[in-house]
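Descriptive structure summary
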Amino acid sequence: MTVLVWITEGTWRACVAAARAVVPDDAPVLLLHVTPEDLPGAAHGAYEALLGRGHPERDPGPRVAAAAARSGADLLADAARALGRPCERAERRGRPEREVLTAAAGADLLIVARDGDRSRPGPKSLGHATRFVVDHAPCAVLLVWPGRPRQPGDSRHGPGPGAPAPGPPGPPPPHRRPG
């Protein structure tokens with residue numbers, strides 16, 4: 001069994017915890033982080049639009065690319081430490097959904113985390129790239145919640161079991177004319 005763990009900024013801890021819990025000790029694990037390919041280009045485009053051309057030393061594009069690479073390497077190092085076992089690490093640059101699917105081609109299991117609206121389960125609890133990966137993965141996918149998923153009795157979901165049903169809505173507020 002070969003396991004790929006997708007490491008992203010907001011959800012990597014949940015993915016690593018899942019890997020520690022379900023992956024056999026002798027299974028190879030690859031931690032993957034993908035830096036979006038358009039990140040440095042967006043900074044460069046903003047620079048040109050706001051400040052114009054003529055000062056290439058001020059262009060933030062190369063600095064953003066270097067900072068993103070350092071950030072990805074740091075995340076992978078933190079994830080490897082948290083995993084607490086030998087693993088491989090890979091940093092890629094490109095469209096995250098495409099890079100993850102390419103890396104998953106040789107895996108038996110892909111571990112990813114929900115990265116959208118975490119207030120309730122459902123389709124919006126997955127971001128665009130994660131939804132694409134889940135829909136097109138060439139292997140089994142373990143989809144984990146980062147943190148504790150909301151339960152039906154939580155205050156954000158309204159009243160818990162056994163609570164009286166809410167009554168009909170009241171009348172609309174009176175219309176007031178300006179002036």
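Everything quoted here is computed from the prediction, not taken from an experiment.

1. Topic: the overall build of the protein chain
Counting secondary structure elements, the protein chain contains 5 helices and 5 strands. Scanning the protein chain from its N terminus toward the C terminus, one meets helices and strands in the order β-α-β-α-α-β-α-β-α-β. Within the protein chain, the proportion of its 179 residues that are buried is 35%. Roughly 11,000 Å² of accessible area belongs to the protein chain as shown, and the carbon and sulfur atoms make up 56% of that amount.

2. Topic: the side chain of Arg85
If you trace the backbone, Arg85 turns up in the loop between α3 (61-83) and β3 (88-94). Buried and without a salt bridge, Arg85 has Asp25 as its closest oppositely charged side chain, separated by 4.4 Å. Polar side-chain contacts of Arg85 include one of 3.2 Å to the backbone oxygen of Asp25. Here Arg85 is in contact with Val23, Pro24, Asp25, Asp26, Ala27, Val29 and Ala80, once residues within four sequence places are set aside.

3. Digging into the side chain of Ser125
In this fold, Ser125 is placed in the loop between β4 (109-113) and α5 (128-136). Residue classification places Ser125 among the buried positions, given a relative accessible area of 1%. With sequence-adjacent residues up to four places away left out, Ser125 is seen in contact with Arg114, Asp115, Gly116, Asp117, Arg120 and Trp145.

4. As for helix α4 (residues 96-104)
Within α4, 7 of the 9 residues are buried, leaving the element largely enclosed by the surrounding structure. The set of residues buried in α4 consists of Pro96, Glu97, Glu99, Val100, Leu101, Ala103 and Ala104. Where α4 is buried, its residues meet β1 (3-6), β2 (29-36), β3, β4 and α5.

5. Thoughts on empty space enclosed by the protein
Inspection of the entire model under this criterion finds 1 cavity of 30 Å³ or more. Empty space within the largest cavity amounts to approximately 50 Å³. Broken down by class, the residue content of the lining of the largest cavity amounts to 3 nonpolar, 3 polar and 1 charged.

6. A closer look at the pattern of salt bridges
With the rule as written, the count across this model stands at 4 salt bridges. In this structure, Arg131 engages Asp135 in a salt bridge whose closest nitrogen and oxygen atoms are separated by 3.5 Å. Separated by 4 residues within a single helix, Arg131 and Asp135 lie in helix α5, roughly one turn from each other. Note on Arg131: relative accessible area 30%, which makes it partly exposed.

7. A short note on the sheet that holds β4
Strand order in the open sheet made by the 5 strands is β3-β2-β1-β4-β5, with parallel pairing throughout. Each edge of the open sheet is held by one strand with a lone partner, namely β3 and β5 (140-144). Neighbour to neighbour, the strand axes of the sheet diverge by 25 degrees on average, direction disregarded. Bridging between β1 and β4 involves 3 bridges; their strand directions are parallel. The residue of β4 that forms the bridge with Val5 is Ile111.

8. Here's the deal with the packing of α4 against α5
One can describe the packing of α4 onto α5 by two numbers: an axis separation of 8 Å at closest approach and a directional angle of 30 degrees. One way to sum up the angle between α4 and α5 is to call them roughly parallel. α5 is crossed by α4, and the crossing has right-handed handedness. For the pair α4 and α5, the contacting residues are Glu97, Arg98, Val100 and Leu101 in the first and His128, Ala129, Phe132, Val133 and His136 in the second. Class assignment of the residues belonging to the contact of α4 with α5 gives a composition of 5 nonpolar, 2 polar and 2 charged.

Cut-offs applied
Residues numbered from 1 in each chain as written. Predicted model: local features only at pLDDT ≥ 70, side-chain atom pairs only at ≥ 80, totals over all residues. Heavy atoms only, no water. Helix = DSSP H or I, 4+ residues; strand = E, 2+ residues; numbered from the N terminus. Buried < 20%, exposed > 50% of the residue type's maximum accessible area, 1.4 Å probe, protein only. Areas by Shrake-Rupley, 256 points an atom, 1.4 Å probe, with all protein chains shown as cover. Lys, Arg positive; Asp, Glu negative; His and termini not counted. Salt bridge = Lys/Arg side-chain N within 4 Å of Asp/Glu carboxyl O. Polar contact = N/O pair within 3.5 Å; in protein donor to acceptor, adjacent residues only side chain to side chain. Contact = heavy atoms within 4.5 Å. 1 Å grid on protein atoms, 1.4 Å probe; cavity = no way out; pocket = protein on both sides within 12 Å on 5 of 7 lines; lining within 4 Å. Points joined across faces, edges and corners; volume = space filled by probe spheres on them. Nonpolar A, V, L, I, M, F, W, Y, C, P; charged D, E, K, R; others polar. Pairing = 2+ DSSP bridges. Axes fitted to C-alpha atoms, helices over the stretch in contact; angles between N-to-C directions. Parallel < 35°, antiparallel > 145°, perpendicular 65-115°, else oblique. Left-handed = near helix turned anticlockwise from the far one by under 90°.

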